[in-house]
Every structure is written in structure tokens, then in C-alpha cells.
Amino acid sequence: MQIDWENLGFSYIKTPWRFVAKWKNGFWEQGALTEDNILHIHEGSPALHYGQQCFEGLKAYRRPDGGINLFRPDENSKRLNRSARRLRMPFVPEEMFLDAVNQVVKANQEFVPPYGTGATLYLRPLLIGVGENIGVAPAPEYLFIIFCMPVGSYFKGGLAPTNFIVSDYDRAAPNGTGAAKVGGNYAASLLPGYEAHERNFSDCIYLDPETHTKIEEVGSANFFGITAENEFVTPKSPSILPSITKYSLLYLAEHALGLTPVEGDVYVDQLDRFVEAGACGTAAVISPIGGIQNGESFHVFYSETEVGPKTRALYDELTGIQFGERKAPAGWIFDVPLD
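By convention here, each chain's residues receive numbers from 1 onward along its written sequence. Given that the model is predicted, a residue must reach a pLDDT of at least 70 before its local features are reported, and side-chain atom pairs must reach 80 or more before they are shown or counted; all residues, however, enter totals for whole chains, interfaces and linings. The side-chain figures draw on all heavy atoms in the structure; neither hydrogens nor water molecules are used.

Looking up the protein chain in an unreviewed UniProt entry gives the name Branched-chain-amino-acid aminotransferase, with the organism given as Enterococcus gallinarum. You can read under Sequence similarities (unreviewed entry) in the UniProt record for the protein chain the words "Belongs to the class-IV pyridoxal-phosphate-dependent aminotransferase family." UniProt positions are given in the numbering used here, feature names are shortened, and annotations may be inferred rather than shown by experiment. According to its UniProt record, the protein chain has this under Cofactor (unreviewed entry): "pyridoxal 5'-phosphate".

Trainee: So what exactly am I meant to see when it comes to the UniProt feature "modified residue: N6-(pyridoxal phosphate)lysine" (unreviewed entry) in the protein chain here?
Mentor: Under the local residue numbering, the UniProt record ascribes the feature "modified residue: N6-(pyridoxal phosphate)lysine" (unreviewed entry) to Lys 181. A 1.4 Å probe rolled over the protein chains alone gives each residue an accessible area, and that area as a share of the maximum for its type sets the label: buried under 20%, exposed over 50%, partly exposed in between. The class of Lys 181 is buried, set by a relative accessible area of 10%. When neighbours within four sequence positions are excluded, Lys 181 is seen to be in contact with Cys 54, Phe 55, Glu 56, Gly 57, Arg 79, Ser 83, Tyr 186 and Leu 241. In what follows, a contact means two residues having at least one pair of non-hydrogen atoms within 4.5 Å.

Trainee: How should the packing of helix H6 (residues 244–255) against helix H7 (residues 309–322) be read in this particular structure?
Mentor: Working note: a packed helix pair is described by the angle between its axes plus the distance between those axes. Where H6 meets H7, the closest approach of the two axes is 10 Å, and the angle between their N-to-C directions is 115°. Relative to H7, the element H6 is oriented roughly perpendicular. As for how H6 packs across H7, the hand of that crossing is right-handed. Where H6 abuts H7, its residues Thr 245, Leu 249, Leu 252 and Ala 253 lie against Leu 314, Glu 317, Leu 318 and Ile 321. Only the contacting stretch of a helix is used when fitting its axis, a line to C-alpha atoms as for every element, and angles between N-to-C directions run 0 to 180 degrees. Helix and strand labels come from DSSP, where a helix needs a run of H or I of at least four residues and a strand needs a run of E of at least two; each type is numbered from the N terminus. Oblique is the label for every angle not falling under 35 degrees (roughly parallel), over 145 degrees (roughly antiparallel), or within 65 to 115 degrees (roughly perpendicular). In this scheme the handedness of a crossing depends on how the near helix is turned from the far one: anticlockwise by less than a right angle means left-handed, clockwise means right-handed.

Trainee: How should I be thinking about the pattern of salt bridges in this particular structure?
Mentor: Two side chains bearing opposite charge may form a pair once their charged atoms approach each other closely. Just to be clear on terms, a salt bridge is a Lys or Arg side-chain nitrogen sitting within 4 Å of an Asp or Glu carboxyl oxygen. Taken as a whole and judged by the stated rule, the model has 11 salt bridges. Among the ionic pairs, Arg 63 bridges to Asp 65, the shortest N-O distance being 3.1 Å. Linking Glu 317 and Arg 326 is a salt bridge whose minimum nitrogen-to-oxygen distance equals 2.6 Å. On the basis of relative accessibility, which here comes to 15%, the residue Glu 317 falls in the buried class.

Trainee: Looking at this model, I keep getting lost on the domain arrangement of the protein chain. Mind explaining?
Mentor: Size of an interface: often given as the accessible area lost when the parts come together. Partitioning the protein chain into structural domains gives domain 1 (18–151) and domain 2 (162–323). Where each domain begins and ends follows an automated or database-derived domain assignment. Taking only C-alpha atoms into account, the centre of domain 1 sits 26 Å from that of domain 2. Of the residues lining the interface, 26 residues belong to domain 1; the matching set on domain 2 comes to 21 residues. Here domain 1 meets domain 2 over a buried area of about 1,800 Å², counting both sides, of which 62% is carbon and sulfur. Buried area: the accessible area, evaluated with a 1.4 Å probe, that two parts lose upon being put together, summed over both parts. The largest per-residue losses of area from domain 1 upon contact with domain 2 belong to Phe 55, Phe 71 and Arg 79, which jointly make up 33% of the total buried on that side. Here domain 1 and domain 2 share zero salt bridges between them.

Trainee: Looking at this structure, how should I read empty space enclosed by the protein?
Mentor: Buriedness of a pocket was judged along seven lines, with at least five required to meet protein on both sides within 12 Å; pockets are open sets of points on a 1 Å grid over the protein atoms alone, cavities are sets where a 1.4 Å probe fits but cannot get out, and lining residues have an atom within 4 Å of a point. Grid points are joined across faces, edges and corners, and a volume is the space filled by probe spheres set on the points. Scanning the model with the defined rule gives three cavities of 30 Å³ or more in all. When its volume is computed, the largest cavity comes out at roughly 120 Å³. At three residues, strand E5 (residues 58–62) tops the list of elements feeding residues into the lining of the largest cavity. Along the lines of polarity and charge, the residues of the lining of the largest cavity split into six nonpolar, six polar and one charged. What the second largest cavity holds in volume is close to 60 Å³. For this classification, the nonpolar set comprises Ala, Val, Leu, Ile, Met, Phe, Trp, Tyr, Cys and Pro, the charged set comprises Asp, Glu, Lys and Arg, and every other residue, Gly included, is treated as polar. Counted by class, the lining of the second largest cavity contains one nonpolar, four polar and two charged residues.

Trainee: How should I be thinking about the nonpolar core in this particular structure?
Mentor: A general feature of soluble globular proteins is that nonpolar side chains tend to end up buried together. What makes a nonpolar core is a set of buried Ala, Val, Leu, Ile, Met, Phe, Trp, Tyr and Cys residues whose side-chain atoms join them at distances within 4.5 Å. Ranked by size, the top nonpolar core spans 41 residues in total, and within it Trp 28, Val 105, Leu 123, Leu 127 and Phe 144 carry the most contacts. Those elements that place two or more of their residues in this core are strand E1 (18–24), E5, strand E6 (68–71), helix H2 (73–86), helix H3 (94–107), strand E7 (120–130) and strand E8 (141–151). In terms of residues, this core owes the most to one element, H3, which gives seven residues. Tyr 61, Ile 226, Leu 249 and Leu 250 belong to the second-largest nonpolar core, a separate cluster that totals 20 residues.

Trainee: Can you walk me through the packing of aromatic side chains in this structure?
Mentor: Any Phe, Tyr or Trp ring, taking Trp's six-membered ring, that has another such ring centre within 6.5 Å forms a pair; planes under 30 degrees apart are called stacked, those over 60 apart edge-to-face, and the others tilted. Counted by the stated rule, this structure contains 12 aromatic pairs. Between the aromatic rings of Phe 10 and Tyr 122, the centroid separation amounts to 5.1 Å while the plane-to-plane angle is 70°, which identifies the pairing as edge-to-face. One end of the pair, Phe 10, is in the segment before E1; the other, Tyr 122, is in strand E7, and 112 residues separate them in sequence. By relative accessible area, Phe 10 is classed as partly exposed at 29%. Relative to Phe 232, the ring of Phe 224 lies with its centre 5.1 Å away and its plane at 25°, an arrangement referred to as stacked.

Trainee: Sorry if this is basic, but what is going on with the pairing of strand E11 (residues 215–218) here?
Mentor: Working note: regular strand, side chains alternate between the two faces of the sheet. Pairing analysis gives three bridges linking strand E10 (residues 203–207) to E11, with the strands arranged antiparallel. For Ile 205, the partnering residue across the bridge sits in E11 and is Val 218. Following DSSP output, two strands are said to pair if at least two bridges run between them. The pairing of E11 with strand E12 (residues 221–227) spans two bridges and is classified as antiparallel. Across the sheet, residue Val 218 finds its bridge partner in E12, namely Ala 221. The turn joining E11 and E12, which pair antiparallel and follow one another in sequence, is formed by two residues; a positive phi near 60° is taken by Gly 219.

Trainee: Mind showing me how you'd approach the layout of surface pockets here?
Mentor: To find leftover empty space, a probe the size of one water molecule is rolled over the atoms. Put simply, the second largest pocket is a space of about 470 Å³. Together, 30 residues line the second largest pocket, and Gly 118, Ala 119, Ser 153, Val 285 and Tyr 315 are the ones closest to its centre. Of all elements in the fold, only E5, strand E16 (285–294) and H7 reach the threshold of two or more residues within the lining of the second largest pocket. Residue classes in the lining of the second largest pocket are distributed as 15 nonpolar, 12 polar and three charged. Structurally, the lining of the second largest pocket is a two-domain feature, drawing no fewer than three residues from each of domain 1 (18–151) and domain 2 (162–323).

Now the structure itself:
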């Protein structure tokens, strides 16, 4: 397979190997790599009818020395199990999760993009309820799967400002599943996202479902804003997915850039407090926000065409750590064993 590493998008590419394990009768089977990328599940599987499924997203990065890094995969394991708890699914032991990730990366290492291309190997762990069932109840069996593919930038244009629009739709209900990485949250975003794209915006800004006054998420990513007082501000809410990238940036903003990290309310009618803004997540990494349309008003941050200096510095620091160019905080980088 010939791959144009420099011009990859964010789309499915079949790679040779994926990991599959089954939970049954209270225990996980050992699991193994397989070349079959088609799942064969019962028609009564609760994942199909009642949305009993959750997933994760993480990346593998090619280092300058040819090795491969994983960025905080233990945090993905923890978040998967928090989602599983919310949906009454069995936990995937962290050791099993990390071993499966290593197996998949090692088996597909030729698809980890070369260093210097900016591309990565994206991994999708998936936990789904399967087996004979028709009532609203937890599944009798579960599958844990990890597959992967090489990807480029999530948003077209890479590190370039794009514009977003505040949505009238809610991403998640108060006290619902907003803090879990479950498919239903993303299904609910398809129509708002489509309508935003039809109006030439990159995606939606979702407000808090209770008052519709505070920013929660930017499409499928987290929001951040940087103030003139050198504060790095991100929203805090029980219905926001806790982004591993966001919490990494909160740390780096303070310890690498000397900014004051703030996790709190971000009122949509107070956007002028921010001189820079962006969306962040595993897929998006950092996507600078040029401007936000809110009703009849349009607020521009640093620029609609240029990336703000602090946003760029954060991007360089984060990606430098991920690709092995800069020193990482203790415990953030896992080296994939290739021997």
C-alpha cells in the first residue's frame, strides 16, 4: 500500500492487525491479534439497540531515532473504565489495555508515519455489549477491540485558525453521559455538526445544557481561552468529557509557559476576555479558533488567519513531547517495545 504521508486526512485506512478479546461468564479471555476487520455479533446485542458501548482514541508517534512513543495511554485506560462504569460494563484491566495497545502498534509498525511528516498512528479502543438480549439490560457478553490507522490533521488546514458557531442543540443532558466517551453523545452531534458545516463553520460550540450561558465543548473537542492576564482557561462541568489533552495543556501552560491555569465557567457573552482561543483533543491536538458566531454577533480572537503566539507555543511544546523532541513530565511517555 502506497501512502502519501504528507497529505493524510482523518479517515479510515485498513491496517493488517487489530486486537480482539471477549468477556463472558465474568472473565476476560486472553484476546489475540486478528486480520479480520469485520465484527460478527448477535442481532440482539445491546450495543446495537441501547447504545451500551464506549470507546477511546489515542495515538502512536514516530520519534527521530525511529522508535515509537505513546502519549499517556494509562489515562485512556482509566477513562475507558470510567465510561464502562457509567454504562455498567466490565472494566478492562489496565495491564490488558496497555498490552493490547503495544501489540497493535508493534504489529502495524510499518503504518506509523515517518518522523517529520506530522502524521501519527491513531488507535481506537472499543468496548461493546454483545450477545443475545432484547430487554433494556446489560449485555451478557462484551468485546474489547483495538484497531488503528495512520492519520493527518483532524481539521483541514492543520494548525490554522477556523471559525465555529454556537449551537442551539445540546450535546448532552445534565447529569447524563456527557462525561463518558459513549457513542450516543457523538450521534447527537451529527445534525448540529452538519448544519454548522452547511454554514461554512468548522463545527459547533455547545453550551451547558442547564442554562445555555457557558461554553462546554467545541464539536468533539474541549475549549480553551487565553486571557490578556496570561490565564489559560478551560470550562469545568460534569457534562464535559475530561480530555487528556486538555489536562496536559493545563499542566504545560503553567510549567512550560508560565501561564495561570484556570478550570471554571466560560460565559459565552464574555468572549472578549480572551485574546486567543482554541479547541483541543487527541484527534484535533490543538485547533486555533479564529472566531465564534453567537446569534447575530461574531467575535474574533487573535486572528482569523494567523495562530496566536501562546497557542503556537503550547502546540509546539505538546507535540514536541509526543514526538520525543522535548523532555516529557514523568510518566507521560510510554516507549513501544519493538523487539
